Amino acid sequence: MYAQPSEPRPALAAGLRRPLARLAAQFGAYAHAGILEDSMVTYIVKERGDAAELFTAERMQLEAYCSAIGKILLAALPEPALAAYLAGGPLIALTPNTITDAAVLRDELATIRRTGIAYDRHEIRNDLFCIAVPLPPEDGRIEGAISLSFLGRTPDPAVRRKTIARLRAVARRLAGEAGQAGAASSART
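Chemist: Can you explain the packing of helix α3 (residues 79-87) against helix α4 (residues 102-115)? Please cite residues and give values.
Modeler: The contact between α3 and α4 brings their axes to 11 Å, and the two run at 145°. α4 is crossed by α3, and the crossing has right-handed handedness. For the pair formed by α3 and α4, the contact residues are Glu 79, Leu 82, Ala 83 and Leu 86 on the first element and Ala 102, Leu 105, Arg 106, Leu 109 and Arg 113 on the second. Partitioning the contact of α3 with α4 into residue classes produces 6 nonpolar, no polar and 3 charged.

Have a look at this one:
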């Protein structure tokens, strides 16, 4: 379930650290940013907004199929890569809520593609509920995602809507900053 990856993407992590720290504090939750490496989610940012400790850590890897960030990233894979992932081995149940049927996971990933929102509904741990959205596409491909993880509680629908809105605002702001940096770089050349 866990592995140690290569070096994370420092520029992406640096741009996300402050906004994710604010989100974590605002919601009393954990904020994460992650990328997909070797079919695993690699956490590149973890910001703590809760007094309790959560097992995740920066540069740590988790299975993608049972995490909100992982589901966003799997949903963004081209069909051949997704088919290979789903055929790659058993989906192990970590809790009674973990999706272990590849067809059910494929259906959930199709919904995530349409909505741009993924959930971990107590799939990694019984006491953890996570919501994730994609980061802006780079070269047309989604390469990362951000999430809020609620430890010990399931947020009510109003908090979920607010969480999604705030996560999307952070992603849009990051897209705007990347666009401005690219325009400035093009103007100099």
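Chemist: Can you lay out the nonpolar core for me, pointing to particular residues and giving the numbers?
Modeler: Formed by 30 residues in total, the largest nonpolar core has its most connected members in Tyr 65, Ile 69, Leu 105 and Leu 109. If you list the elements that add at least two residues to this core, you get β2 (40-48), α2 (68-75), α3, α4, β5 (128-134) and β6 (144-151). When residues of this core are assigned to their parent elements, the largest contribution, 6 residues, is made by α2. Ignoring any residue separated from it by four or fewer positions in sequence, one finds Tyr 65 in contact with Lys 71, Leu 74, Tyr 85, Leu 91, Ile 92, Thr 98, Ile 99, Leu 105 and Glu 123.

Chemist: Help me get a handle on the pairing of strand β4 (residues 118-121), residues and values and all.
Modeler: Summarising the sheet, β4 and β5 pair through 4 bridges and their orientation is antiparallel. Bridging from a neighbouring strand, Tyr 119 pairs with Ile 131 of β5. In this structure, the hairpin formed by β4 and β5 is closed by a connection of 6 residues, where His 122 is found at a positive phi of approximately 65°.

Chemist: Kindly report on the packing of aromatic side chains, identifying the contributing residues and their values.
Modeler: Applying the stated criterion across every chain yields a total of 2 aromatic pairs. On the basis of an interplanar angle of 90° and a centroid distance of 6.4 Å, the ring pair of Phe 27 and Phe 150 is categorised as edge-to-face. Of this pair, Phe 27 sits in helix α1 (residues 10-27) while Phe 150 sits in strand β6, placing them 123 residues apart in sequence. One exposure class covers both Phe 27 and Phe 150, and it is buried. Considering the side-chain rings of Tyr 119 and Phe 129, the 6.0 Å spacing of their centres and the 55° angle between planes classify their relative orientation as tilted. Of the two residues, Tyr 119 is situated in strand β4 and Phe 129 in strand β5; the sequence distance between them amounts to 10 residues. With a relative accessible area of 17%, Tyr 119 lands in the buried category.

What counts as what
- Residues numbered from 1 in each chain as written.
- Predicted model: local features only at pLDDT ≥ 70, side-chain atom pairs only at ≥ 80, totals over all residues.
- Heavy atoms only, no water.
- Axes fitted to C-alpha atoms, helices over the stretch in contact; angles between N-to-C directions.
- Helix = DSSP H or I, 4+ residues; strand = E, 2+ residues; numbered from the N terminus.
- Left-handed = near helix turned anticlockwise from the far one by under 90°.
- Contact = heavy atoms within 4.5 Å.
- Nonpolar A, V, L, I, M, F, W, Y, C, P; charged D, E, K, R; others polar.
- Core = buried A, V, L, I, M, F, W, Y, C linked by side-chain atoms within 4.5 Å.
- Buried < 20%, exposed > 50% of the residue type's maximum accessible area, 1.4 Å probe, protein only.
- Pairing = 2+ DSSP bridges.
- Phe/Tyr/Trp six-rings, centres within 6.5 Å; stacked < 30°, edge-to-face > 60°.

Take it as geometry only, folks, not as evidence of what the structure does.
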